[in-house]
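# Understanding the architecture of this molecule
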Amino acid sequence: MSSPHSSDQLPDLLVVGSGFFGLTIAERCAADLGLKVRILERRSHLGGNAYSEREEQTGIEVHRYGAHLFHTSNATVWEYVNRFTAFTGYQHRVYSTHRGQVYPLPINLGTINQFFDAAYSPAEARALIAEQAAELGGKEPENFVEKGVSLIGRPLYEAFIAHYTAKQWQTDPEKLSADIISRLPVRYTYDNRYFNDTYEGLPVDGYTAWLERMADHPNIEVVLDTDFFTVAEQYKGRVPIVYTGPVDEYFGYAEGRLAWRTLDFEEEVVDVEDFQGCPVMNYPDPEVPYTRIHEFKHFHPERDHARAGEKTVIMREYSRFAEEGDEPYYPVNTPEDRATLLKYRDLAKAEPMVLFGGRLGTYQYLDMHMAIASALSMFENRLRPHFRDGAALTSGGVAE
């Protein structure tokens, strides 16, 4: 890693931000095209929100910015990430504490039968949910609420989704995109795996080791503790830039601020060997202020946690609107935000020698595998043709 006072010599490519999108761009350009790449990172560590580190007392690996679970059905992405890390056989399972009972999530036959105190067969459960979703009258769901009711019916939606979403987004659910809940599977079997993807696991040596291997190339220079906007004039118009920070910040909020959600974390070392018996416990009831609790030793049951002894690390997660100075996590993406985003897309298209990518740069919710896939696509379709064949470097906007 370099100090904030890096070499004055300009690189072939500047990457702003060292999350998975930025690191993938940097690694591909350095390794495949032989370019000199400089990464600017405003934090004191690389890796963006995927950064993890060992908790001092227990030695347990903590995902510093909330749980990160790697999963994908994209064989190209899976092959690429396996160049830098091996993966465990971890399969993510989530539970939810509602009105004094613990239920498995996502909604599956076990959840349905426990909630309704029944023993429905798969066909009977389907018929029940279809009956409860009939209030839509066959209408195509237009928002988060309608999509939720169409998927699991009103009673399950109110119990497990409505209040949890209110805490997580603090936005009228009818203004939220249906896509948010569309990612949650519903199963009429007792399969309670959270994801449906072909490939799933956690990096054997942890996220930071994986991220550092991506940046470990002689052509890559990582400059930490450096805000791009304090040095932007050294680079803009002089070298190609891949920008992965908030798009509204790049343009000085000229079209107004986009709405983001941020997270607050309350970490605690608890004097018990096992606090909740699972990696993630959701709390959908409105009287509980946090949305979920992570217990990190359960992410790596294959590890020797002897150093932790009769202790474990938990992290309560709280969600709120991001204010100035906060770290943006999730785009709220209301109709008003989408209208503002269109204006930023036009500005981005007109910005010379700058490509916008990643979750913040495109104002899209991207899982890790999606960010990597998007970066690989930008490399193949824009950066490789530019540097190899001299094609013009033009941005497709902020939602490529």
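Here the structure is a predicted model, which is why all the values come from computation and not from measurement.

With that settled, consider the overall build of the chain. When helices and strands are counted, the chain shows twelve helices and 16 strands. Rg of the C-alpha trace for the chain: 22 Å, near the compact-globule value of 21 Å for 400 residues, within the 12% margin. Summarising its shape, the C-alpha atoms of the chain cover approximately 70 × 55 × 40 Å along the three principal directions. Counting every position in the chain, which comprises 400 residues, the buried fraction comes to 56%. Total accessible area computed for the chain in this model is approximately 17,300 Å², and 47% of it derives from carbon and sulfur atoms. Of the side-chain charges in the chain, 39 are positive and 60 negative, and the distance between the mean point of each set is 3 Å.

Looking now at the sheet that holds strand S6 (residues 94–98). Strand order in the open sheet formed by seven strands is S7-S6-S12-S13-S14-S11-S15, with mixed pairing between adjacent strands. The open sheet has two edge strands, strand S7 (101–105) and strand S15 (330–331), and neither has a second partner. In this structure, S6 lies alongside S7, joined through five bridges in antiparallel fashion. Residue pairing across strands places Val94 opposite Leu105, the latter belonging to S7.

Within the largest apolar cluster, 107 residues are counted, with the highest numbers of intra-cluster contacts made by Ile25, Phe70, Trp210 and Leu383. It is helix H5 (residues 144–169) that contributes the most residues to this core, eleven residues altogether. Counting eight residues, the second largest nonpolar core, distinct from the first, contains Met281, Tyr283, Ile293 and Ile314.

A separate point is helix H12 (residues 368–389). When the terminal C-alpha atoms of H12 are compared, their 30 Å separation across 22 residues agrees well with the 32 Å that a helix rising 1.5 Å per residue should span. The largest bend along H12 reaches roughly 40° and is located at Leu383, with the proline Pro385 sitting one to four residues downstream. Gly390 sits one or two positions beyond H12 and adopts a positive phi of about 80°.

Moving on, we get to the UniProt feature "domain: UDP-galactopyranose mutase C-terminal" (unreviewed entry) in the chain. Annotation from UniProt places "domain: UDP-galactopyranose mutase C-terminal" (unreviewed entry) at residues 159–365. Note that residues 159–365 is 25% helix and 21% strand, and that its end C-alpha atoms are spaced 25 Å apart.

With that settled, the discussion passes to the sheet that holds strand S9 (residues 220–223). Here five strands make up an open sheet; going across it, the order is S9-S2-S1-S10-S16 and the pairing parallel. Of all strands in the sheet, those bounded by a partner on one side alone are S9 and strand S16 (354–356). Ignoring strand direction, the axes of neighbouring strands in this sheet form an average angle of 20°.

This brings us to the packing of aromatic side chains. This model, assessed by the stated rule, comprises 35 aromatic pairs. An angle of 80° between the planes, with centres 5.4 Å apart, marks the rings of Phe87 and Trp210 as edge-to-face. Of this pair, Phe87 sits in the loop between helix H2 (75–81) and S6 while Trp210 sits in helix H7 (residues 207–215); the two residues are 123 residues apart in sequence, bridging distant segments of the chain. Across the ring face of Phe321, the terminal group of Arg261 is positioned such that the distance to the ring centre comes to 4.6 Å.

Cis geometry is adopted by the peptide bond preceding Pro106, which originates at Leu105 and carries an omega value of -5°. As for its placement among the helices and strands, Pro106 is situated in the loop between S7 and helix H3 (109–115). In the Ramachandran plot, Tyr253 falls in the positive-phi region, its phi being about 55° despite a non-glycine side chain. Here Tyr253 shows up in the loop between helix H9 (247–250) and strand S11 (260–270). For Met353, which is not glycine, the phi dihedral falls at a positive 65°. Tracing the backbone through its elements, the reader meets Met353 in the loop between helix H10 (335–349) and S16.

This paragraph deals with the packing of helix H1 (residues 20–33) against H7. Contact geometry of H1 with H7 gives a least axis separation of 8 Å together with a crossing angle of 30°. Across from Phe20, Leu23, Thr24 and Glu27 in H1, the residues of H7 making contact are Tyr207, Trp210, Leu211, Met214 and Ala215. For the contact of H1 with H7, the residue count by class is seven nonpolar, one polar and one charged.

When you line up the elements, Glu200 lands in strand S8 (residues 199–201). One buried charged side chain, Glu200, makes no salt bridge at all; its nearest oppositely charged neighbour is Arg193, positioned 5.6 Å away. Within the structure, the side chain of Glu200 is placed 2.6 Å from the backbone nitrogen of His92, a separation counted as a polar contact. Setting aside its immediate chain neighbours within four residues, Glu200 contacts Phe70, His71, Thr88, Tyr90, Gln91, His92 and Phe195.

Its location among the elements puts Asp367 in the loop between helix H11 (358–362) and H12. Among the polar contacts listed, one links the side chain of Asp367 to the side chain of Tyr365, at a separation of 3.3 Å.

Moving on: H7. For H7, the set of buried residues is Tyr207, Thr208, Trp210, Leu211, Met214 and Ala215. Buried positions in H7, seen along its axis, are confined to an arc of 160° and lie on one side of it.

The subject of this paragraph is the pattern of salt bridges. What the rule picks out here adds up to 28 salt bridges. Its salt-bridge partner being Arg64, residue Glu267 comes within 2.4 Å of it at the nearest N-O pair. You can see Glu267 sitting in strand S11 and its partner Arg64 sitting in the loop between strand S4 (61–63) and strand S5 (70–72), a full 203 residues away along the chain. Taking relative accessible area as the criterion, Arg64 reaches 21% and is therefore assigned partly exposed. Residue Asp191 pairs with Arg193 through a salt bridge whose shortest N-O separation is 2.8 Å. Taken together, the shared-partner salt bridges in this structure form one network comprising Glu27, Arg28, Asp32, Glu380 and Arg384.

How each quantity is defined
Residues numbered from 1 in each chain as written. Predicted model: local features only at pLDDT ≥ 70, side-chain atom pairs only at ≥ 80, totals over all residues. Heavy atoms only, no water. Helix = DSSP H or I, 4+ residues; strand = E, 2+ residues; numbered from the N terminus. Rg over C-alpha atoms; globule rule 2.2 N^0.38 Å. Buried < 20%, exposed > 50% of the residue type's maximum accessible area, 1.4 Å probe, protein only. Areas by Shrake-Rupley, 256 points an atom, 1.4 Å probe, with all protein chains shown as cover. Lys, Arg positive; Asp, Glu negative; His and termini not counted. Charge placed at Lys NZ, Arg CZ, Asp CG, Glu CD. Pairing = 2+ DSSP bridges. Core = buried A, V, L, I, M, F, W, Y, C linked by side-chain atoms within 4.5 Å. Expected span 1.5 Å × (residues − 1). Bend = angle between axes of the 7 residues up to and from the residue. UniProt positions renumbered as here; feature names shortened; annotations may be inferred. Axes fitted to C-alpha atoms, helices over the stretch in contact; angles between N-to-C directions. Phe/Tyr/Trp six-rings, centres within 6.5 Å; stacked < 30°, edge-to-face > 60°. Lys NZ or Arg CZ within 6 Å of the ring centre and 35° of its normal. Contact = heavy atoms within 4.5 Å. Nonpolar A, V, L, I, M, F, W, Y, C, P; charged D, E, K, R; others polar. Salt bridge = Lys/Arg side-chain N within 4 Å of Asp/Glu carboxyl O. Polar contact = N/O pair within 3.5 Å; in protein donor to acceptor, adjacent residues only side chain to side chain. Arc of directions from axis to C-beta.

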